Amino acid sequence: MGKIFIIGLCFIGLVACKTQAPTYTPPIQIPVFTKEKVTERLVPYALPADSTIITALFECDSLNKVNMKMFEELKARGLISSFSFENGILKFRLIQPPDTIYIQVTDTIIERDKPITYYIPSQPLVVYKQTDKQVVEGWFGKIFMCLLGLGSIIGVIVFIWKRKF
């Protein structure tokens, strides 16, 4: 009887602790490779409109006809102008051909590789938490111990009682 009791206690001791499934440490990222590329390129830029100044001097003759005595214009380089004066009407036309300059621009392109994430398994974490079965067995054990203690007390009282009488 005693051997069975000791074997039962050893078996309960072996199955009492439960370990959790292996957990993993937080993921570790390998440093990323960064490559910086500097390129220079020409960017077209349209020049804004320019201006022209015109000065004209008119005079009337004895026949009441308007004559242009002087015509002077001041314009920016690259502008094309034309004018005509007929029957007292001055027509002036200014043409600005599209002018584009190229400005040198430096671009910096940064290329990064996608980081590699990997997990390192860690030691299993022992969790001292009872399963439902162990909780029920614990309550049965407490009840059994109370009954055993109560039986022992009653047995001692009965033993003393029989001895006295």
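Further up the page is the structure itself.
Keep in mind it's a predicted model, so treat the numbers as computed, not measured.

Bringing the overall build of the protein into the picture now. In terms of helices and strands, the protein carries two helices and ten strands. Counted from the first residue to the last, the protein has its helices and strands arranged as α-β-β-β-β-β-β-β-β-β-β-α. By the burial criterion, 2% of the 165 residues in the protein qualify as buried. For the protein, long-range pairs separated by at least 24 residues make up 63% of all intrachain contacts whose partners lie at least 6 apart in sequence. When the accessible surface of the protein is totalled, it reaches about 15,200 Å², and 64% of it is carbon and sulfur.

Bringing the side chain of S81 into the picture now. Within the secondary structure layout, S81 lies in strand β6 (residues 80-86). Beyond its immediate sequence surroundings of up to four residues, S81 is in contact with E73, K75, F92, R93 and L94.

Rules used in this analysis
- Within every chain, residues take consecutive numbers counted from 1 along the sequence as written.
- Predicted model: local features are reported for residues with pLDDT of at least 70 only, side-chain atom pairs are reported and counted for 80 or more only, and whole-chain, interface and lining totals are derived from all residues.
- With hydrogens and water excluded, all non-hydrogen atoms of the structure serve as input to the side-chain values.
- To qualify as a helix, a DSSP run of H or I must reach at least 4 residues; to qualify as a strand, a run of E must reach at least 2; elements of each kind are numbered from the N terminus.
- Relative accessibility decides the category of a residue: with a 1.4 Å probe and only protein chains considered, values under 20% of the type maximum give buried, values over 50% give exposed, and everything between is partly exposed.
- Whether two residues are in contact is decided by their heavy atoms, any of which lying within 4.5 Å being enough.
- The accessible surface values rely on the Shrake-Rupley method and a 1.4 Å probe; as for residues, cover is taken only from the protein chains in view.

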